[in-house]
Amino acid sequence: MAIPKTGSRKIIVDDIKYRWTVRKRPTYTQAVMESNIQAAVELYEEPGSVLSINFPWVRYDSFIGIPQEPVTPKLIEQSVRTALQKGWLPEKKESAFTLDYEKE
C-alpha cells in the first residue's frame, strides 16, 4: 500500500529520496491501549515495499499514557539505514518490511 503524497514528508538518506509519514490520528487501539507509534517510509519516486517502523513509545494524542518522544527526521533516517542493513529492499514490490526501532 502506498503512502499518500499529501501529508507525507520528504527525506534524503544517502542521496536517495524517500517519503515518510505518521498517521494524523491514532487508530482506536493506539488511542486507548497505549499501542506504539508507527511510521511508514517508501521511495519517493517509484515506491515498492513500504517500511513500517514501530517506535516503543505512545503517541502524543493517546487517551492514556504520557508521550515520551516525537518521531523526528533523524529517527526516520536512522531507521531507514537500519532497515536497509537488515534486508529491506525499497524498490521491490513486496509486502511491508517491519522494523522495531531500537535506540543506538
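Residues numbered from 1 in each chain as written. Predicted model: local features only at pLDDT ≥ 70, side-chain atom pairs only at ≥ 80, totals over all residues. Heavy atoms only, no water.

S.K.: Give a description of the overall build of the chain that names residues and reports values.
M.R.: Counting its regular elements, the chain contains two helices and five strands. Ordered by position from the N terminus, the helices and strands of the chain form the series β-β-α-β-β-α-β. By residue count, 38% of the 104 residues in the chain fall in the buried class. Looking at the chain alone, contacts between residues at least 24 apart form 53% of all its contacts between residues at least 6 apart. Of the roughly 6,700 Å² of accessible surface on the chain, 52% is carried by carbon and sulfur atoms. (Helix = DSSP H or I, 4+ residues; strand = E, 2+ residues; numbered from the N terminus. Buried < 20%, exposed > 50% of the residue type's maximum accessible area, 1.4 Å probe, protein only. Contact = heavy atoms within 4.5 Å. Areas by Shrake-Rupley, 256 points an atom, 1.4 Å probe, with all protein chains shown as cover.)

S.K.: Give a detailed account of the pattern of salt bridges, specifying residues and quantitative values.
M.R.: Throughout the structure, instances matching the rule amount to four salt bridges. Two residues, R81 and D14, come together in a salt bridge whose shortest N-O distance is 2.8 Å. Highlighted residues: R81 in helix α2 (residues 73-85) and D14 in the loop between β1 (9-13) and β2 (16-22), separated in sequence by 67 residues. Judged by its relative accessible area of 32%, R81 is partly exposed. (Salt bridge = Lys/Arg side-chain N within 4 Å of Asp/Glu carboxyl O.)

S.K.: Can you tell me about the packing of aromatic side chains, naming the residues and giving the values?
M.R.: Applying the stated criterion to the full structure yields two aromatic pairs. Judged by centre distance (5.1 Å) and plane angle (40°), the ring pair of F55 and Y101 falls under tilted. Remark: Y101 occurs in the segment after β5 (97-100) and F55 occurs in strand β4 (residues 51-58); sequence separation between them is 46 residues. Taking the ring centre of Y44 as reference, the NZ or CZ of K10 above it sits at 5.8 Å. For the cation-ring pair, R19 lies above Y44, with the distance from its terminal atom to the ring centre recorded as 4.5 Å. (Phe/Tyr/Trp six-rings, centres within 6.5 Å; stacked < 30°, edge-to-face > 60°. Lys NZ or Arg CZ within 6 Å of the ring centre and 35° of its normal.)

S.K.: Give a detailed account of the side chain of S52, specifying residues and quantitative values.
M.R.: With respect to the helices, strands and loops of the structure, S52 is situated in strand β4. Setting aside anything within four residues of it in sequence, one finds S52 in contact with A39, F97, T98 and L99.

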